[in-house]
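Here is how the chains run, residue by residue.
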Amino acid sequence: MVGAGGIGCELLKNLVLTGFGEIHIVDLDTIDLSNLNRQFLFGMQHIKKSKAMVAKETAGKFNPHVKLEAHHANIKDLNFNVKWFKTFDVVFNALDNLDARRHVNRMCLAADVPLIESGTTGFNGQVQVIKQRTTECYECTHKPVPKSFPVCTIRSTPSQPIHCIVWAKSYLFVEIFGTSEESSPDMDTSEDDENASEIANLKREAEELKNIREKMASPDFAATIFNKVFCADITRLRSMEDMWKSRKPPKALDHATIVKDAEGVGACVVKTDQKVWGLEENYVVFADSLRRLATRMVELKARATNGEAPPILTFDKDDEDALDFVAASANLRSLVFGIDVKSKFDIKQMAGNIIPAIATTNAITAGLCVLQAFKVLREDYKSARMVFLSRSADRAFSAEKLSPPNPGCEICGVARTSIEADITRATLGDLVEKVLRGALGYGEEVCVLVGQALLFDADFDDNLETPLCDLGFGEETFVTVKDEGEEEEEGTRINLVIAVTNTIFTEDEAAMTIPEPFQVPRKLKASEVVEVNGLANGVKRGHDEVMGGMNGHVSKRRKVDIVVGSGEGAAMKKEKVFKGKGPTEEDVILLDDDGCITID
């Protein structure tokens, strides 16, 4: 199970109570106060702890006969390779971002392991069954870039302006003027060896934040906040060297230098809401808006009476003070991470587009995941469905049969296999001669690439004696094989993707494993391509496109609800599309799932 958030908590509970024998939980996130309204496996005492670890601990009490393994890590880490994925009977995605979904989709295809994909936004949800050579994959249909993101995706490694905007709005603003997560009195303070270091860090952070809030009326309040979030916190992030091996590290900001450079900038810059502010201008707006908000908060506290809940401020995109603070804070964080900054006008539009997650939607979606998993484990893909959940007066659920793989999809429209190789000993020649020509029956006209880099073809055989490690192969490398032979009577093969996993073999063992021989499917010849309304099968579906299936299959006319999106907290879009010919007013649409005839 990848992801232990909104869907993940409900899903893990279902899996444990259903009696799945061994469950591995992977999540890199820690628990925030904002998670607790829907992620019921967590409590106040778990704030700042690993979601995967706490989920294992809590769910394990529901059924002691289930073996649970927790991994506080990124599913894209190299140790979660194809060989690791192959050890599972089924994989569940309970993720909240598009990039990780695509990665797991590709790994499950490479490992030939069925994937149950799911996602929710507001009242909408969807569940999709994905199986290599049986169904279409996650990337067969276009996924629009999400317009909003949950906070858990932007806490450590933002890469887009929206990440910084959500951080400023849903984290920093709440920390200073809302209900602080770190001030929870119910912190787990058990002093075992495993938690001792974590407890010390939590206590230190809680004390830092408490001191900052107490300085709200102080003239150096802005400097204190700035130095914590744009200097000290960034320096702490930079110290996690493993996090920056494959990405550019952030750059901490120096408060004294910026203050000096911003001496000639006036607070009136805040009125230029369609201009992209520079570093100094963003700092001036940050300090001025923080002063205004702090003044309001101090006045609220002064008017509060004994016994009342402490006053708080909440973000409203129409509150100029709050919007100024979020815009400037987001842009300063963008500058720290080398991300493009946005105008205040643009930030207002983006900050107002956050869609809340709903616990009931997560629970229903998680239940649908397990129901589909029963069919997958029986290998009953004919009964499995793509299911959509929506807030509709007619019906809450709609479903359609699983579509076959799309020949035009670059991800699942290829053949796949995997091998293990000692990349320090195995050569490219071993791959070409033993695997491609020996086991899989390729001829002389074959092309081997890694990404866009050509390693071998009929006119370029310089690398045959070169060890794979010297050709850029790492712990796991995906190789694309193209059949470039003359088109025979049966046609050339479709592209083949081979996952090569680095494995250390002894000197007595072969340096490379050989896959079980199988027939790589042939490309359809022009005479075999079936056209639907003038479109060849395999074109992608869209607003006005039609997709045929594999080997000339054409889906029946069926009206379906399509929910496109990327998960909890992401913007999803519901559309009506038609497979095959679009109906006219006189058409009768046959829904052959349940034997009922519906007249639209």
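Shown above is the structure to which this text applies.
Note that the coordinates shown come from a computational prediction; the quantities given were computed from them, not determined experimentally.

Participant: I keep staring at the overall build of the chain and nothing clicks. Help me out?
Facilitator: Counting its secondary structure elements, the chain contains 13 helices and 18 strands. The burial tally for the chain puts 52% of its 600 residues in the buried class. Of the accessible surface of the chain, which amounts to about 28,500 Å², a share of 50% is contributed by carbon and sulfur atoms.

Participant: Mind showing me how you'd approach the sheet that holds strand S3 (residues 91–93) here?
Facilitator: Two orientations exist for strands paired in a sheet by backbone hydrogen bonds: parallel and antiparallel. Spatially, five strands are ordered S3-S4-S5-S6-S7 in an open sheet, and the strand pairing comes out mixed. Only two strands of the sheet have a single neighbouring strand rather than two, namely S3 and strand S7 (397–401). Going from strand to strand, the sheet's axes swing by 15° on average, the running direction of each strand aside. As paired strands, S3 and strand S4 (residues 115–121) are joined by three bridges and run parallel to one another. Counted as the bridge partner of Phe-92 is Ile-116 from S4.

Participant: Honestly, a negative patch on the surface in this entry has me stumped. Any pointers?
Facilitator: Negative charge collects at one region of the surface, where Glu-445, Asp-459, Asp-461, Asp-462 and Glu-484 lie side by side. Within the element layout of this structure, Glu-445 appears in the loop between helix H13 (428–439) and strand S9 (446–450).

Participant: Hey, could you run me through unusual backbone geometry in this one?
Facilitator: With a phi close to 55°, Asp-112 is a non-glycine residue in the positive phi region. Inspection of the secondary structure puts Asp-112 in the loop between helix H4 (98–111) and S4. On the accessibility criterion, Asp-112 (31% relative accessible area) is partly exposed. At Glu-379, a position not held by glycine, the phi torsion is positive, near 55°. For Glu-379, the location among the structural elements is in the loop between helix H12 (359–377) and strand S6 (385–389). By relative accessible area, Glu-379 is classed as exposed at 64%.

Participant: Explanation requested: the packing of helix H7 (residues 221–238) against helix H9 (residues 279–303) in the structure shown.
Facilitator: Helix packing geometry: the angle between the two helix axes and the distance between the axes. It is at 9 Å that the axes of H7 and H9 come closest, and there the two elements cross at 120°. Judged on the interaxial angle alone, H9 and H7 are oblique. Considering only the axes of H7 and H9, their crossing is right-handed. Contacts between H7 and H9 involve Phe-221, Ala-222, Ile-225, Phe-226 and Phe-230 on the former and, on the latter, Tyr-283, Phe-286, Ala-287, Leu-290 and Ala-294. Across the contact of H7 with H9, the residue classes tally to ten nonpolar, no polar and no charged.

Participant: Please explain the packing of helix H1 (residues 6–18) against H12 as it appears in this structure.
Facilitator: Packing of H1 against H12 leaves a shortest axis separation of 8 Å and a crossing angle of 45°. With respect to H12, the element H1 is oriented oblique. When the axes of H1 and H12 are compared, the crossing they make is right-handed. Together, Gly-6, Ile-7, Glu-10, Leu-11, Asn-14, Leu-15 and Thr-18 of H1 and Asn-362, Ala-363, Thr-365, Ala-366, Gly-367, Cys-369, Val-370 and Phe-374 of H12 make up the contact between the two elements.

Participant: Can you help me understand the pairing of S9 in this one?
Facilitator: Note on strand geometry: in a regular strand, side chains alternate between the two faces of the sheet. Burial of S9 is extensive: four of the five residues sit out of reach of the surface. Direction of pairing for S9 relative to strand S11 (residues 476–483): antiparallel, over a ladder of four bridges. Note that in S11 the partner of Val-448 across the bridge is Val-481. Pairing geometry for S9 and strand S10 (residues 453–456), over three bridges, is antiparallel. Bridge assignment links Leu-449 to a residue of S10, and that residue is Leu-454. Once S9 ends, the chain turns through two residues before running back antiparallel as S10, passing Gly-451 with a positive phi of about 65°.

Participant: Please clarify how the packing of aromatic side chains should be interpreted in this entry.
Facilitator: The relation between two aromatic rings is expressed through the spacing of the ring centres and the mutual angle of the planes. Considering all chains together, one arrives at 16 aromatic pairs under this definition. Taken together through their ring pairs, the aromatic side chains of Trp-167, Tyr-171, Phe-173, Phe-177, Phe-226, Phe-230, Tyr-283, Phe-286, Phe-315 and Phe-325 make up a single cluster. Its end group placed over the ring of Phe-123, Arg-391 keeps NZ or CZ at 4.2 Å from the ring centre. Seen from the ring of Tyr-442, Arg-493 lies directly overhead, with NZ or CZ sitting 4.5 Å from the centre.

Participant: Explanation requested: the pairing of strand S2 (residues 67–71) in the structure shown.
Facilitator: Here strand S1 (residues 22–26) runs beside S2; their pairing, made up of five bridges, is parallel. Residue pairing for S2: Ile-23 is matched across the bridge by Leu-68. Note on the crossover from S1 through helix H2 (residues 51–59) to S2: the handedness is right-handed.

Participant: I keep staring at the layout of surface pockets and nothing clicks. Help me out?
Facilitator: Remark: the empty space left among the atoms is shown by a probe the size of a water molecule rolled over them. For the second largest pocket, the calculated volume is near 600 Å³. Arg-106, Glu-410, Ile-411, Thr-480 and Val-497 are the residues nearest the centre of the second largest pocket, which is lined by 16 residues in total. For the lining of the second largest pocket, the element with the most residues is S11, which contributes three residues. Considering only residue class, the lining of the second largest pocket consists of six nonpolar, five polar and five charged.

Participant: Got a minute to help me understand the sheet that holds S10 in this structure?
Facilitator: Ordered by their spatial adjacency, five strands build an open sheet running S8-S12-S11-S9-S10, and the pairing between neighbours is mixed. Of all the strands in the sheet, just strand S8 (415–421) and S10 have a single pairing partner and so form its edges. Taking the axes of each pair of neighbouring strands and ignoring which way they run, one obtains an average angle of 30° across the sheet. Sheet analysis places S8 next to strand S12 (residues 496–502), joined by seven bridges and oriented parallel. Note on S12: the bridge partner recorded for Ile-419 is Val-500. Where H4 meets the sheet, it contacts S8 and S11, and its direction lies at approximately 80° from that of S8. Of the strands in this sheet, S8, S9, S10, S11 and S12 touch H13, which is tilted by about 125° from S9.

Participant: For this particular structure, what's the right way to read the pattern of salt bridges?
Facilitator: Side chains bearing opposite charge may pair, as long as their charged atoms lie close to each other. Scanning all chains against the criterion turns up 25 salt bridges. When the shortest N-O distance is used, the salt bridge between Glu-117 and Arg-101 registers 2.3 Å. With a gap of 16 residues between them, Glu-117 in strand S4 and Arg-101 in helix H4 connect regions that are remote in the sequence. Accessibility classification places Glu-117 together with Arg-101 in one group, the buried group. Residues joined by salt bridges that share partners form a network here, namely Asp-288, Arg-291, Arg-292, Arg-296, Asp-319, Glu-320, Asp-321, Asp-324 and Lys-344.

Reading the values: rules and limits
Residues numbered from 1 in each chain as written. Predicted model: local features only at pLDDT ≥ 70, side-chain atom pairs only at ≥ 80, totals over all residues. Heavy atoms only, no water. Helix = DSSP H or I, 4+ residues; strand = E, 2+ residues; numbered from the N terminus. Buried < 20%, exposed > 50% of the residue type's maximum accessible area, 1.4 Å probe, protein only. Areas by Shrake-Rupley, 256 points an atom, 1.4 Å probe, with all protein chains shown as cover. Pairing = 2+ DSSP bridges. Axes fitted to C-alpha atoms, helices over the stretch in contact; angles between N-to-C directions. Patch = residues over 30% accessible without salt bridge, like charges linked within 9 Å, V, L, I, M, F, W, Y side chains within 5 Å. Salt bridge = Lys/Arg side-chain N within 4 Å of Asp/Glu carboxyl O. Lys, Arg positive; Asp, Glu negative; His and termini not counted. Charge placed at Lys NZ, Arg CZ, Asp CG, Glu CD. Parallel < 35°, antiparallel > 145°, perpendicular 65-115°, else oblique. Left-handed = near helix turned anticlockwise from the far one by under 90°. Contact = heavy atoms within 4.5 Å. Nonpolar A, V, L, I, M, F, W, Y, C, P; charged D, E, K, R; others polar. Phe/Tyr/Trp six-rings, centres within 6.5 Å; stacked < 30°, edge-to-face > 60°. Lys NZ or Arg CZ within 6 Å of the ring centre and 35° of its normal. Right-handed = clockwise from strand over helix to strand, strands pointing away. 1 Å grid on protein atoms, 1.4 Å probe; cavity = no way out; pocket = protein on both sides within 12 Å on 5 of 7 lines; lining within 4 Å. Points joined across faces, edges and corners; volume = space filled by probe spheres on them.

Limitation: the analysis is restricted to geometry and does not speak to function.
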